[in-house]
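# Residue-level structural notes
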Amino acid sequence: MNERTISKAVIRRLPRYYRYLGELLDADVERISSAELSNKMNVTASQIRQDLNNFGGFGQQGYGYNVKYLYNEIAKILGLDEVHSMIIVGAGKLGQAIANYSSFSKRGFVLKGMFDVKPEYIGTKVNDIEIMNINQLSEFLKVNSIDIVAITIPKEAVSTIIDIIAESDIKAVWNFAPVDLHLPPDKVVENVHLLDSLMQLSYNLSEYEHTN
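Since we're looking at a predicted model, the values are computed, not measured. (Residues numbered from 1 in each chain as written. Predicted model: local features only at pLDDT ≥ 70, side-chain atom pairs only at ≥ 80, totals over all residues. Heavy atoms only, no water.)

This part covers the side chain of Ser-85. Turning to its location among the elements, Ser-85 is positioned in strand 3 (residues 84-89). For Ser-85, a relative accessible area of 9% translates into the label buried. Not counting chain neighbours up to four residues away, the residues in contact with Ser-85 comprise Val-110, Lys-112, Ser-145, Ile-146, Asp-147 and Ile-148. (Helix = DSSP H or I, 4+ residues; strand = E, 2+ residues; numbered from the N terminus. Buried < 20%, exposed > 50% of the residue type's maximum accessible area, 1.4 Å probe, protein only. Contact = heavy atoms within 4.5 Å.)

See below:
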């Protein structure tokens, strides 16, 4: 299977499947049909079958899906069967919220360090991780194997770290800064522009109000 042929829309739905299946596991549900899953997720049963068929299907006619098996298989597809080391650059409110979010560590995203420039942050701890001076970032990356960096600093501060990240062995960047990053092709970048998302919500709200 060539995963590059799978649409981004399908990939975006996979975490939702994983989350709902996790809730079913917590409720001791052993199996579920695509129609039952459809009712919970507000996605058509046909769409669910099409999405999962991209990865092999996983269902049995007349039985549906084994919840635990499907949950574990989607975890593998999403790479959640592996542990990913992670750092956060930016120890403000957003950076601290990410550091304190317990579900990340439960899913295998292990926080190894936090960095900032503000003296009031440096030396303090968030979730038992001591915040280091941004000047220590380059040396830290030389002696630690880090998979993911989350960037939660202002736009104007990104230029101070972009070369360090580009030259490091970091594999992926989770970017919350409102700027497009120009990194080597071996770095996977996921941009989370909060204002863009809010503007999309505003558009959808406007469309709803005009049609109702």
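Okay, the packing of aromatic side chains next. Inspection of every chain in the model, using the stated rule, returns six aromatic pairs. Ring centres of Phe-115 and Phe-140 lie 5.2 Å apart, and the angle between their planes is 75°; on these two criteria the pair is classed as edge-to-face. Placement of the pair is Phe-115 in strand 4 (residues 109-116) and Phe-140 in helix 7 (residues 137-143), with a sequence separation of 25 residues. Phe-140 shares its class with Phe-115; the two are buried. (Phe/Tyr/Trp six-rings, centres within 6.5 Å; stacked < 30°, edge-to-face > 60°.)

The next thing to look at is the pattern of salt bridges. Inspection of the entire model under this criterion finds three salt bridges. The residue Asp-147 makes a salt bridge to Lys-171 at a minimum N-O spacing of 3.4 Å. Residue Asp-147 is found in the loop between helix 7 and strand 7 (148-151), and its partner Lys-171 is found in the loop between helix 8 (162-167) and strand 8 (172-175); the two are separated by 24 residues along the sequence. (Salt bridge = Lys/Arg side-chain N within 4 Å of Asp/Glu carboxyl O.)

This paragraph deals with unusual backbone geometry. Here Asn-127, not a glycine, exhibits a phi torsion of approximately 55°, which is positive. Checked against the element boundaries, Asn-127 lands in the loop between strand 5 (125-126) and strand 6 (129-133). Look at Asp-128: it is not a glycine, yet its phi comes out positive at around 70°. Inspection of the secondary structure assignment puts Asp-128 in the loop between strand 5 and strand 6. Taking relative accessible area as the criterion, Asp-128 reaches 69% and is therefore assigned exposed.

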